Amino acid sequence: MSVADDTEEQHPTLALDDTVHQRVRLGILAIAREAESVEFAFLKQELGLTDGNLSRHLKVLEDSGLVAVNKGYAGRRPRTWIALTPTGAQALDHELRALRALVHRLEAAGPPPT
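Read on for a plain summary of the structure. (Residues numbered from 1 in each chain as written. Predicted model: local features only at pLDDT ≥ 70, side-chain atom pairs only at ≥ 80, totals over all residues. Heavy atoms only, no water.)

Re the overall build of the chain
Then, number 1: In terms of helices and strands, the chain carries 5 helices and 3 strands.
Then, number 2: If you list the helices and strands of the chain from N to C, you get α-α-β-α-α-β-β-α.
Then, number 3: Whereas a compact globule of 114 residues would reach a radius of gyration of roughly 13 Å, the chain reaches 18 Å, over 25% beyond that.
Then, number 4: Along the longest, intermediate and shortest principal axes, the C-alpha atoms of the chain span 65 × 30 × 20 Å.
Then, number 5: Here the chain holds 114 residues, and the buried ones make up 29% of them. (Helix = DSSP H or I, 4+ residues; strand = E, 2+ residues; numbered from the N terminus. Rg over C-alpha atoms; globule rule 2.2 N^0.38 Å. Buried < 20%, exposed > 50% of the residue type's maximum accessible area, 1.4 Å probe, protein only.)

Written out as structure tokens, the structure reads:
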């Protein structure tokens, strides 16, 4: 199969969302999907990020409506919780479908030419 043989079908990578697909943001969405909400400190530890780096990525996701950020207290200690929004869940599902389509396409093409 050559590239010219498949002009009608959109390449799966075109369905990837730059906001979601970025490694850290994809990690945040994936972890948030596994729980009702997740603490900032847990995300920071799991993804190996600094406070500032995680905050920057959360801001992008929050501004896009993909996560909700809630601040409060656990006892006397301030805490920040992150939850996946319905829009975020849909965006993550769309991203996963695009990745599956890409994997399927590559597997169907067989091994790379030598």
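Observations concerning the sheet that holds strand 2 (residues 67–74)
Then, number 1: Taken in spatial order, the 3 strands line up as 1-3-2 in an open sheet, and their pairing is antiparallel. Bordering the open sheet on either side are strand 1 (38–39) and strand 2, each of which pairs with just one other strand.
Then, number 2: Relative to strand 3 (residues 77–84), strand 2 is paired through 8 bridges, and the arrangement is antiparallel. Within the sheet, the bridge partner assigned to Ala68 lies in strand 3 and is Ala83.
Then, number 3: Against the sheet, helix 2 (residues 23–33) contacts strand 1, strand 2 and strand 3, and its axis sits at roughly 90° relative to strand 3. (Pairing = 2+ DSSP bridges. Contact = heavy atoms within 4.5 Å. Axes fitted to C-alpha atoms, helices over the stretch in contact; angles between N-to-C directions.)

What to know about the side chain of Glu95
Then, number 1: When you line up the elements, Glu95 lands in helix 5 (residues 86–109).
Then, number 2: Those residues in contact with Glu95, other than ones at most four positions away along the chain, are Ala15, Leu16, Asp17, Val20, His21 and Leu26.

Looking at the packing of helix 2 against helix 3 (residues 40–47)
Then, number 1: Across the interface, helix 2 lies against helix 3 with an axial gap of 11 Å and an inter-helix angle of 125°. With respect to helix 3, the element helix 2 is oriented oblique. Note on packing geometry: the crossing formed by helix 2 with helix 3 is right-handed. Across from Val24, Gly27, Ile28 and Ile31 in helix 2, the residues of helix 3 making contact are Phe42, Leu43, Glu46 and Leu47.
Then, number 2: A class-by-class count of the residues in the contact of helix 2 with helix 3 yields 6 nonpolar, 1 polar and 1 charged. (Parallel < 35°, antiparallel > 145°, perpendicular 65-115°, else oblique. Left-handed = near helix turned anticlockwise from the far one by under 90°. Nonpolar A, V, L, I, M, F, W, Y, C, P; charged D, E, K, R; others polar.)

What to know about the pattern of salt bridges
Then, number 1: Per the stated rule, a full pass over the model turns up 4 salt bridges.
Then, number 2: For Asp93, the salt bridge goes to Arg33, with nearest N and O atoms at 2.8 Å. With a gap of 60 residues between them, Asp93 in helix 5 and Arg33 in helix 2 connect regions that are remote in the sequence.
Then, number 3: You can call Asp93 partly exposed: its relative accessible area is 28%. (Salt bridge = Lys/Arg side-chain N within 4 Å of Asp/Glu carboxyl O.)

Focus: helix 4 (residues 51–63)
Then, number 1: End to end, helix 4 covers 18 Å across 13 residues, agreeing with the expected 18 Å (1.5 Å per residue, within 8%).
Then, number 2: Three or more residues of helix 4 are buried, namely Leu54, His57, Leu58 and Leu61. Around the axis of helix 4, the buried residues are gathered within 100° of arc, so they sit on the same side.
Then, number 3: Buried residues along helix 4 sit against helix 1 (18–21), helix 2, helix 3, strand 2 and strand 3.
Then, number 4: The positive-phi residue at the C-terminal boundary of helix 4 is Gly65, with phi of around 80°. (Expected span 1.5 Å × (residues − 1). Arc of directions from axis to C-beta.)

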